[in-house]
Amino acid sequence: MSPGTERETGFIDVGEWQTAFDLETGRILHGEGAGYEELRNLLRRYPFPGDLSPLSASWVTDIALEMNQLYSPSLIMLVHASPSFKTMYGEADALEPELETVKEEIERFIASTGLDHVILGLGNLMPVEGFVDLSRLDGLGLGSGFPSSYAGVYRPSGRDRRYLGSIDEIIRVVSREDFRAAFGGCEVFYERLPDYFLELAEGCTVKGFGIPAREPCRMPCKDESLPLASGGKPLPLASITDLKGYVERSTRDGKRMALILIEGLGGGDFPWRHQLVDNTMGWFRYPLGDAQYLALSAGKHMTEHGHPPCLRYYLEVDIYPYSGIFNELPHGLMGQDAAGTSVAAGNRSIYTHACLGADIAIECFARTLYNYGTLAVLRHRDTT
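In this convention, every chain numbers its residues from 1, walking through the sequence in written order. In keeping with the model being predicted, local features are shown solely for residues with a pLDDT of at least 70 and side-chain atom pairs are shown and tallied solely at 80 or more, while totals for entire chains, interfaces and linings include all residues. Computation of side-chain values: all heavy atoms of the structure, hydrogens and water removed.

Chemist: Help me get a handle on the overall build of the chain, residues and values and all.
Modeler: Secondary structure follows DSSP: runs of H or I at least 4 residues long count as helices, runs of E at least 2 residues long count as strands, and numbering of each begins at the N terminus. What the chain contains, in helices and strands, is 11 helices and 20 strands. Its C-alpha atoms give the chain a radius of gyration of 20 Å, near enough to 21 Å, the size a compact globule of 384 residues would have. The principal-axis extent of the C-alpha atoms belonging to the chain is close to 60 × 45 × 40 Å. Here the chain has roughly 15600 Å² of accessible surface; of this, 48% comes from carbon and sulfur atoms. Working convention for charge: Lys and Arg count positive, Asp and Glu count negative, and His plus the chain ends are omitted. Where a charge sits is defined by one atom per residue type, namely NZ (Lys), CZ (Arg), CG (Asp) or CD (Glu). A gap of 2 Å separates the mean positions of the 35 positive and 52 negative side-chain charges of the chain. Both definitions apply: the radius of gyration is a C-alpha atom measure, and the globule rule equals 2.2 Å times residues to the power 0.38. With residues, only the protein chains shown are counted as cover, and all accessible areas are computed by Shrake-Rupley using a 1.4 Å probe.

Take a look at the structure:
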């Protein structure tokens, strides 16, 4: 499906009221959501309990089971983000009990539906061991949303470059031109990429713009590979970028599939029999975030889309106000190219609707741990 052949309607439910709106502009749609009462009733019946709530994982399962019953989708995608939220910004030692809860919820979903499934852990977390301060540069230093071992600098001065070169925790400084020479990719990626891209030592993250103000307890590791389970049988997948093609072929062959993503879970704690798939692009290892989500959902490495890490999204055209850094929703995604109806349910806001491409997505409407309600996004495909 080519860009421009879809429009998207959003539904927000905050408990006291509910409204429909145009996702691109944010404009309220008076009366235009009346034809979707099943979806709207689902939002009313399942308010999101909160990022740090013990009920967050079961909320994902409950929503997904309801969507499976209502829509009989060929592809259903579940996002479990509670392990990363609870250990990054909640309790540092909460990972093990939360992963056990998520495991039980995933097995409840699989037992209830009997669907063919793929479960992918999106990588381990580790304690934060240090910070690099980028807040006092002459140029602009940016983090990449989550605490991670990557950052970017725009228009650095000579003093900035000397400062960056003097910090032991910065192990790689790559210019935009050198990044392009190493990885290639589309022009819009490099139009938006920082002038210099920084890699920090594992366990070290940045202080400065582009990262949440809350101090993290944990952060993503630099995992070279991710654990993938498929009911005990190995799949012909070598990289996270191979997953999209497999899911697309399976749905076109008539299978009903479930893709289940778990944040904060790597190979060491993965509780199912699994294989490992590559999580790298050359020396770059995908951290938890939009680049990783898009790589697995689009089947292409991050240089093939226009949303590089450390994007100055505040310079972009101000549309899609509920979609974070995205001033247009990405195309060619797993949910868009699957045969039949695709749905998604997740307690990760924005990525669930923007990065997976489902025809119908339900996610938490939460920002920086503040719970505003529940958000549904309905994509209207043009099949002519």
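Chemist: So what about the packing of aromatic side chains? Which residues, and what values?
Modeler: Aromatic contacts are taken between Phe, Tyr and Trp rings whose centres are within 6.5 Å, Trp giving its six-membered ring; a plane angle under 30 degrees counts as stacked, one over 60 as edge-to-face, and the others as tilted. What the rule picks out here adds up to 21 aromatic pairs. Seen from their ring centres, Phe11 and Tyr36 are 5.9 Å apart, and the 65 degrees between their planes marks the pair as edge-to-face. Taken together, the residues Phe11 in strand E1 (residues 6-13) and Tyr36 in the loop between strand E2 (18-22) and helix H1 (37-45) connect sequence positions 25 residues apart. When the ring of Phe179 is compared with that of Phe197, the centres are 5.4 Å apart and the planes differ by 75 degrees; the resulting orientation is edge-to-face. Placement of the pair is Phe179 in helix H6 (residues 176-183) and Phe197 in strand E10 (residues 196-200), with a sequence separation of 18 residues. Accessibility here uses a 1.4 Å probe with only protein chains present; expressed as a share of the type maximum, an area under 20% marks a residue as buried, one over 50% as exposed, and anything in between as partly exposed. Since its relative accessible area comes to 0%, Phe179 is described here as buried.

Chemist: Pulling in residues and values, what's your account of unusual backbone geometry?
Modeler: In the Ramachandran plot, Arg155 falls in the positive-phi region, its phi being about 50 degrees despite a non-glycine side chain. Within the secondary structure, Arg155 sits in the loop between strand E8 (150-154) and helix H5 (158-165). The backbone phi angle of Tyr320 is positive, close to 50 degrees, even though this residue is not glycine. On the secondary structure map, Tyr320 appears in the loop between helix H9 (290-298) and helix H10 (334-337).

Chemist: Quick one: what's the story with helix H3 (residues 82-90), residue by residue and with numbers?
Modeler: Residues lying three or four places apart along an α-helix face the same way, a consequence of the helix completing one turn every 3.6 residues. Of all 9 residues in H3, 8 are buried, a share of seventy percent or more. Every buried residue of H3 is listed here: Ser82, Pro83, Ser84, Phe85, Lys86, Thr87, Met88 and Tyr89. What makes two residues a contact is simply this: any of their non-hydrogen atoms within 4.5 Å. Close packing links the buried residues of H3 with helix H2 (56-71), strand E3 (75-80), helix H4 (95-113), strand E5 (125-127), strand E12 (218-220) and strand E14 (257-262).

Chemist: Which residues make up the pairing of E8, and what values go with them?
Modeler: Among the 5 residues in E8, 5 count as buried, and that is most of the element. Because side chains alternate across E8, one face comprises the buried residues Tyr150, Gly152 and Tyr154, and the other comprises Ala151 and Val153, equally buried. Sheet topology note: the strand E7 (residues 140-142)/E8 ladder contains 3 bridges and is antiparallel. Looking across to E8, one finds that Gly141 is bridged to Val153. Note: two strands are recorded as paired if DSSP finds a minimum of 2 bridges between them. Summarising the sheet, E8 and E10 pair through 4 bridges and their orientation is antiparallel. Looking at E10, one finds that Gly152 is bridged to Phe197.

Chemist: Can you lay out the nonpolar core for me, pointing to particular residues and giving the numbers?
Modeler: Residues Leu120, Phe179, Leu243, Leu261 and Tyr293 are the most contacted members of the largest nonpolar core, which totals 65 residues. Ranked by residue count, the leading element in this core is H9, at 6 residues. Non-local contacts of Leu243, meaning those with residues more than four positions away in its chain, are made with Val118, Leu120, Leu228, Leu237, Leu259, Leu296 and Met334. We define a nonpolar core as any set of buried Ala, Val, Leu, Ile, Met, Phe, Trp, Tyr and Cys residues linked to one another through side-chain atoms lying within 4.5 Å. Counting 39 residues, the second-largest nonpolar core is a separate cluster that includes Phe109, Leu265, Ile362 and Ala376.

Chemist: Got a sec to walk through the sheet that holds E8? Specific residues and values, please.
Modeler: A sheet is described by the order of its strands in space; here 4 strands give the open sequence E7-E8-E10-E9, paired in antiparallel fashion. In this open sheet, the two edge strands, each paired with only one partner strand, are E7 and strand E9 (170-175). On average, each strand axis in the sheet is inclined to that of its neighbour by 20 degrees, with strand direction left out of account. The angle between two axes is taken between their N-to-C directions and runs from 0 to 180 degrees, where each axis is a line fitted to C-alpha atoms and a helix contributes only its stretch in contact. Strands E9 and E10 of the sheet are contacted by H6, whose axis makes an angle of about 85 degrees with E9.

Chemist: Could you give an account of the packing of H3 against H4, with specific residues and numbers?
Modeler: Between H3 and H4, the least distance of the axes is 9 Å, while the angle of their chain directions is 165 degrees. Compared by their axis directions, H3 and H4 come out roughly antiparallel. Viewed along their axes, H3 and H4 form a crossing whose handedness is right-handed. In contact with Ser82, Pro83, Lys86 and Thr87 of H3, H4 contributes Leu95, Glu98, Leu99 and Val102. In the contact of H3 with H4, the residues fall into 4 nonpolar, 2 polar and 2 charged. Reported orientations rely on four angle classes, namely roughly parallel under 35 degrees, roughly antiparallel over 145, roughly perpendicular from 65 to 115, and oblique for the rest. We call a crossing left-handed when the near helix sits turned anticlockwise from the far one by less than a right angle, and right-handed when that turn is clockwise. Residues are grouped as follows: Ala, Val, Leu, Ile, Met, Phe, Trp, Tyr, Cys and Pro are nonpolar; Asp, Glu, Lys and Arg are charged; all remaining types, including Gly, are polar.

Chemist: Can you lay out the pattern of salt bridges for me, pointing to particular residues and giving the numbers?
Modeler: Between side chains of opposite charge, pairing is possible as soon as their charged atoms come close. One side-chain nitrogen of Lys or Arg within 4 Å of one carboxyl oxygen of Asp or Glu is enough to make a salt bridge. As enumerated under the stated definition, the model contains 17 salt bridges in all. A salt bridge links Glu107 to Lys103, with the shortest nitrogen-to-oxygen separation between them at 3.1 Å. Remark: Lys103 and Glu107 occur in helix H4; sequence separation between them is 4 residues, near one turn of the helix. For Glu107, a relative accessible area of 32% puts it in the partly exposed group. With a closest N to O distance of 2.9 Å, Asp138 and Arg159 form a salt bridge. In this pair, Asp138 is assigned in the loop between strand E6 (130-133) and E7 and Arg159 in helix H5, connecting sequence segments 21 residues apart.

Chemist: Let's hear about the packing of H2 against H4: which residues, and what values?
Modeler: One way to put it is that H2 packs onto H4 with a least axis distance of 9 Å and a crossing angle of 15 degrees. When the axes of H2 and H4 are compared, the pair comes out roughly parallel. Classified by chirality, the crossing of H4 by H2 is right-handed. Along its contact with H2, which presents Ala57, Ser58, Thr61, Asp62, Ala64, Leu65 and Asn68, the element H4 presents Glu98, Thr101, Val102, Glu105, Arg108, Phe109, Ser112 and Thr113. Tallied by class, the residues present in the contact of H2 with H4 amount to 5 nonpolar, 6 polar and 4 charged.

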